[in-house]
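These are the residues of each chain, in order.
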Amino acid sequence: MTAARLAETGIDPRWVASLEAVSRMLSLFVLAVGGLALIGWQLAIATLTSGLPAHVAMNPLTAHGFIAGAGSLWLLLAPPPPTARRACRLGAALVIVIGGTTLIGYMTGDNLGLDQVIYRARLGTNRIAPNTGLNFLLIGAALLLLDWELRSGYRPTQLLALASTAIALTSVLGYAYNVGELYGFARYIPMALPTAIAFLALGLGIACARPDRGFVSVLVSAHAGGILARRLLPAAVLIPTLLGWLRLLGQRAGL
């Protein structure tokens, strides 16, 4: 959509360009996280695979899923030629396959073993976590439906991406608050910190990929509602998170 057309619909073209640039940067960040995790497995550098000492590491297949998903997002940010669009669909399909096989394995109790094909000798009990599998399903579906819009104007992609972001944010907060129940389920292996951060970035990147469409367009509106949303939304997320973290620190310090 041209800048003149955006202005006619009450959308600020500058904010559209800004969120699209944010989406590109986030896709590159996720590509880097996945690539560094694979380097970490190759060179046995635990910091690159787990982020924190003595914590679970990102599974190598998870890293490949992030590379496929972030690569698809990067290509979809600009109208790609037919060949590139097919590559995007293949990348999204790979992400869905990783998530689907992971969840099927947990639901049936039969580990299909796909997540232990790479670096099998080093993995031990490292598997893709169930919440990681669910997030891959959400992300893959969001990529496939990126340009699909309902008659009401809403885009399912944005809901799927934000659902993935919410799960990832919960896991990140679990690490920040040192509450294992937030990033793991019962006896199952938990989501790794680099995995949670990458999902958080990828979900936000997908949500911002088409900022002039769907409910995300509120954030780029030139009207008073858009201005308030841009100013209040970051505070609404960051301030409660910071206060909760400070409260836990004080409680553990006996204050």
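Structure shown above.
Only a predicted model underlies this, so the values are computations on that prediction, with no experimental measurement involved. Residue positions are given per chain, counting from 1 as you read along its sequence in written order. Thresholds applied to this predicted model are a pLDDT of at least 70 for local features of residues and 80 or more for the giving and counting of side-chain atom pairs; totals over whole chains, interfaces and linings are not thresholded and use all residues. Values shown for side chains rest on all heavy atoms present in the structure; no hydrogens or waters enter the calculation.

Overview of a nonpolar patch on the surface
Nonpolar side chains collect at one region of the surface, where Ile-239, Leu-242, Leu-243, Trp-245, Leu-246 and Leu-249 lie side by side and expose about 560 Å² of accessible area between them. Working definition: helices are DSSP H or I runs of at least four residues, strands are E runs of at least two. Numbering for both runs from the N terminus. Within the secondary structure, Leu-249 sits in helix α10 (residues 224–252). Think of a patch as exposed residues, more than 30% relative accessible area, with no salt bridge, where like charges cluster within 9 Å and nonpolar side chains (Val, Leu, Ile, Met, Phe, Trp, Tyr) cluster within 5 Å. Note on areas: Shrake-Rupley with a 1.4 Å probe; residue coverage comes only from the protein chains shown. Just to be clear on terms, a salt bridge is a Lys or Arg side-chain nitrogen sitting within 4 Å of an Asp or Glu carboxyl oxygen.

Things to note about the nonpolar core
Ranked by size, the top nonpolar core spans 43 residues in total, and within it Phe-66, Leu-202 and Ile-206 carry the most contacts. Residue assignment for this core shows that the elements contributing at least two residues are α2 (13–43), α4 (60–76), α5 (82–108), α7 (130–144), α8 (156–177) and α9 (193–207). When residues in this core are grouped by element, the largest group, 8 residues, is from α9. Apart from residues no more than four positions distant in its own chain, Leu-202 is found in contact with Val-30, Phe-66, Gly-69, Ala-70, Leu-73 and Ile-139. Nonpolar cores were defined as sets of buried Ala, Val, Leu, Ile, Met, Phe, Trp, Tyr and Cys residues, with membership established by side-chain atoms within 4.5 Å. Remark: exposure states derive from per-residue accessible area (1.4 Å probe, protein chains only) relative to the maximum for the residue type, with buried under 20%, exposed over 50%, and partly exposed in between. The next biggest cluster of nonpolar side chains, apart from the first, holds 5 residues, and it includes Ile-11, Val-16, Leu-19 and Val-220. The criterion used for residue contact is that any of the two residues' heavy atoms lie within 4.5 Å.

Let's talk about α5
Given a helix with a known number of residues, its expected span is that number minus one, times 1.5 Å. In a regular helix each residue adds 1.5 Å, so 27 residues correspond to 39 Å; α5 covers 38 Å between its end C-alpha atoms and thus fits that length. The set of residues buried in α5 consists of Ala-84, Cys-88, Gly-91, Ala-92, Val-95, Ile-98, Gly-99, Gly-100, Thr-102, Leu-103, Gly-105 and Tyr-106. One or two residues past the end of α5 sits Gly-109, with phi positive at roughly 75 degrees.

Notes on the pattern of salt bridges
In this structure the tally under the stated criterion is 6 salt bridges. Here Asp-147 makes a salt bridge to Arg-155, at a shortest N to O gap of 3.7 Å. Judged by its relative accessible area of 38%, Asp-147 is partly exposed. One salt bridge connects Arg-155 with Glu-149, and the closest N-O pair in it is separated by 3.1 Å.

Observations regarding the packing of aromatic side chains
Each aromatic ring pair is summarised here by two numbers: the centre-to-centre distance and the angle between the ring planes. Any two of the Phe, Tyr and Trp rings considered here, Trp counted by its six-membered ring, make a pair once their centres fall within 6.5 Å; the pair's planes then place it as stacked at under 30 degrees, edge-to-face at over 60, or tilted in between. The tally for this structure, following the rule as stated, stands at 4 aromatic pairs. A centroid spacing of 5.4 Å and a plane angle of 50 degrees characterise the contact between Phe-66 and Phe-136, whose relative ring orientation is tilted. Here the residue Phe-66 occupies a position in helix α4, and Phe-136 occupies one in helix α7, the gap between them amounting to 70 residues. One exposure class covers both Phe-66 and Phe-136, and it is buried. Consider the rings of Tyr-175 and Tyr-183, whose centres lie 3.9 Å apart with planes at 10 degrees: the pair is stacked. In this structure, Tyr-175 and Tyr-183 share a single accessibility class: buried.

Digging into the side chain of Thr-102
Relative to the elements of secondary structure, Thr-102 occurs in helix α5. Since its relative accessible area comes to 5%, Thr-102 is described here as buried. In this structure Thr-102 touches Ile-128, Ala-129 and Gly-133, once residues within four positions along its chain are discounted.

Points about the state of the cysteines
The disulfide definition used here is simple: a pair of cysteine sulfur atoms within 2.5 Å. Counted by the stated rule, this structure contains 0 disulfides. Cys-208 provides the cysteine sulfur closest to Cys-88, a residue in no disulfide bond, and the two sulfurs are 18 Å apart. The class of Cys-208 is buried, set by a relative accessible area of 14%.

Notes on the packing of α8 against α10
A fitted line through C-alpha atoms serves as each axis, taken over the contacting stretch for helices, and the angle formed by two N-to-C directions is quoted from 0 to 180°. It is the contact of α8 with α10, at a shortest axis distance of 10 Å, that shows an interaxial angle of 30 degrees. One way to sum up the angle between α8 and α10 is to call them roughly parallel. Both α8 and α10 take part in a crossing whose hand is right-handed. Residue-level contacts link Leu-173, Ala-176 and Tyr-177 of α8 to Pro-240, Thr-241, Gly-244, Trp-245, Leu-248 and Arg-252 of α10. Among the residues forming the contact of α8 with α10, the class breakdown is 6 nonpolar, 2 polar and 1 charged. By definition in this entry, angles of less than 35 degrees are roughly parallel, angles greater than 145 are roughly antiparallel, angles of 65 to 115 are roughly perpendicular, and the rest are oblique. The handedness criterion is simple: a crossing whose near helix is rotated anticlockwise from the far helix by less than a right angle is left-handed, and one whose near helix is rotated clockwise is right-handed. Classification used: nonpolar for Ala, Val, Leu, Ile, Met, Phe, Trp, Tyr, Cys and Pro, charged for Asp, Glu, Lys and Arg, polar for all others including Gly.

Quick word on the environment of Ile-45
Locating Ile-45 in the fold gives a position in the loop between α2 and α3 (46–50). Through-space distance from the C-alpha of Ile-45 to that of Asp-212 is 42 Å; in sequence the pair is 167 residues apart.

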